[in-house]
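# Structural overview
Take a look at the letters that make up each chain.
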Amino acid sequence: MERQIISKKKRVFSTEPAKLSPSEVFTRKYTSHLVPALKKLNMDKNSPQINQLTVKHEVDMALALSAQEFAWSRFLLEKLSSSNNPTTTISSSSDGTRTPERSCKEDEDGEIEEKLRELQKLLPGGEEMNVEEMLSEIGNYIKCLELQTSALKSIVQDTT
């Protein structure tokens, strides 16, 4: 009789934590804040106070809580926490009028300043930042918004 040797594969776990990309870390934080909030809203769905603004408030709150290392996030969190009723952020755009007596260089400078002011209005807390801070934060804000969009799309796809 031959002896058969049965080899059992053992699963080996690393003692070092897995290194996650910043995108994965944000997405995990975001969903860990958003999903419980949405579940709570779903349990209260018969309440007349739940509407689009309430859901938007929770989505924005999850975004702010997920990226607290950024200045824009702290401003957004402060704004969301201070409002009793969830509201949307309304940004105003310029009317695009120009004064004809300005030179091309002055027109260009004026347009740049106008665009910077518009960016400051779009970035939470941007109006309280100087240009360098704002430009540094805007890239992070856009990246977080992109990740938020993909996380929300994933949630919608999973539920449909």
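Residues numbered from 1 in each chain as written. Predicted model: local features only at pLDDT ≥ 70, side-chain atom pairs only at ≥ 80, totals over all residues. Heavy atoms only, no water.

The next thing to look at is the packing of aromatic side chains. All told, the structure shown has three aromatic pairs when counted by the stated rule. Pairing Phe26 with Tyr30 gives two aromatic rings, centres 5.8 Å apart and planes at 15°, and the pair type is stacked. Of this pair, Phe26 and Tyr30 both sit in helix α1 (residues 22–43), four residues apart, roughly one helical turn. Phe26 sits in the buried class, given a relative accessible area of 6%. Cluster of aromatic residues (ring-pair linked, three or more members): Phe70, Trp72 and Tyr141. (Phe/Tyr/Trp six-rings, centres within 6.5 Å; stacked < 30°, edge-to-face > 60°. Helix = DSSP H or I, 4+ residues; strand = E, 2+ residues; numbered from the N terminus. Buried < 20%, exposed > 50% of the residue type's maximum accessible area, 1.4 Å probe, protein only.)

What follows covers the nonpolar core. Phe26, Tyr30, Leu63, Trp72, Leu123 and Cys144 are the most contacted members of the largest nonpolar core, which has 22 residues in total. Those elements that provide at least two residues to this core are α1, α2 (52–66), α3 (71–82) and α5 (131–159). At six residues, α5 tops the list of elements feeding residues into this core. When residues no more than four places from it in sequence are discounted, the contact partners of Phe26 are Leu63, Ser66, Ala67, Cys144, Leu147 and Gln148. (Core = buried A, V, L, I, M, F, W, Y, C linked by side-chain atoms within 4.5 Å. Contact = heavy atoms within 4.5 Å.)

Turning our eyes to something else, we now look at the environment of Ser136. Within the secondary structure, Ser136 sits in helix α5. A residue is classified by how much of its surface remains accessible, and Ser136, at 47% relative accessible area, is partly exposed. In sequence terms Ser136 and Phe70 are 66 residues apart; their C-alpha atoms lie 9.8 Å from each other.

Our next topic: α1. Its 22 residues place the ends of α1 32 Å apart at the C-alpha level, agreeing with the 32 Å of an ideal helix rising 1.5 Å per residue. If you check which residues of α1 are buried, you get Phe26, Tyr30, Leu34, Ala37 and Leu41. Looking at the buried residues of α1, the elements they touch are α2 and α5. (Expected span 1.5 Å × (residues − 1).)

To continue, consider the pattern of salt bridges. Per the stated rule, a full pass over the model turns up one salt bridge. Where Asp60 meets Lys56, a salt bridge forms, and the shortest distance between an N and an O atom there is 2.5 Å. With Asp60 and Lys56 both in helix α2 and four residues apart, the pair spans about one turn of that helix. (Salt bridge = Lys/Arg side-chain N within 4 Å of Asp/Glu carboxyl O.)

With respect to the helices and strands, the residue His57 is situated in helix α2. By relative accessible area, which is 13% here, His57 ends up buried. A polar contact of 3.3 Å, which involves the side chain of His57, links it to the backbone oxygen of Leu80. (Polar contact = N/O pair within 3.5 Å; in protein donor to acceptor, adjacent residues only side chain to side chain.)

Right, let's talk about α3 for a bit. Counted at 1.5 Å a residue, the expected span for α3 with its twelve residues is 16 Å, and the 17 Å between its end C-alpha atoms agrees. Those residues of α3 that fall on the buried side of the exposure criterion are Ala71, Trp72, Ser73, Leu76 and Leu80. Those residues of α3 that are buried lie in contact with α2 and α5.

Closest axis-to-axis distance for the α2/α5 pair is 11 Å, and the angle between their directions is 125°. With respect to their mutual orientation, α2 and α5 come out oblique. Along this stretch, α2 crosses α5, giving a crossing that reads as right-handed. Touching Val59, Asp60 and Leu63 of α2 are Tyr141, Cys144, Leu145, Gln148 and Leu152, all from α5. A breakdown of the residues in the contact of α2 with α5 according to their chemical character gives six nonpolar, one polar and one charged. (Axes fitted to C-alpha atoms, helices over the stretch in contact; angles between N-to-C directions. Parallel < 35°, antiparallel > 145°, perpendicular 65-115°, else oblique. Left-handed = near helix turned anticlockwise from the far one by under 90°. Nonpolar A, V, L, I, M, F, W, Y, C, P; charged D, E, K, R; others polar.)

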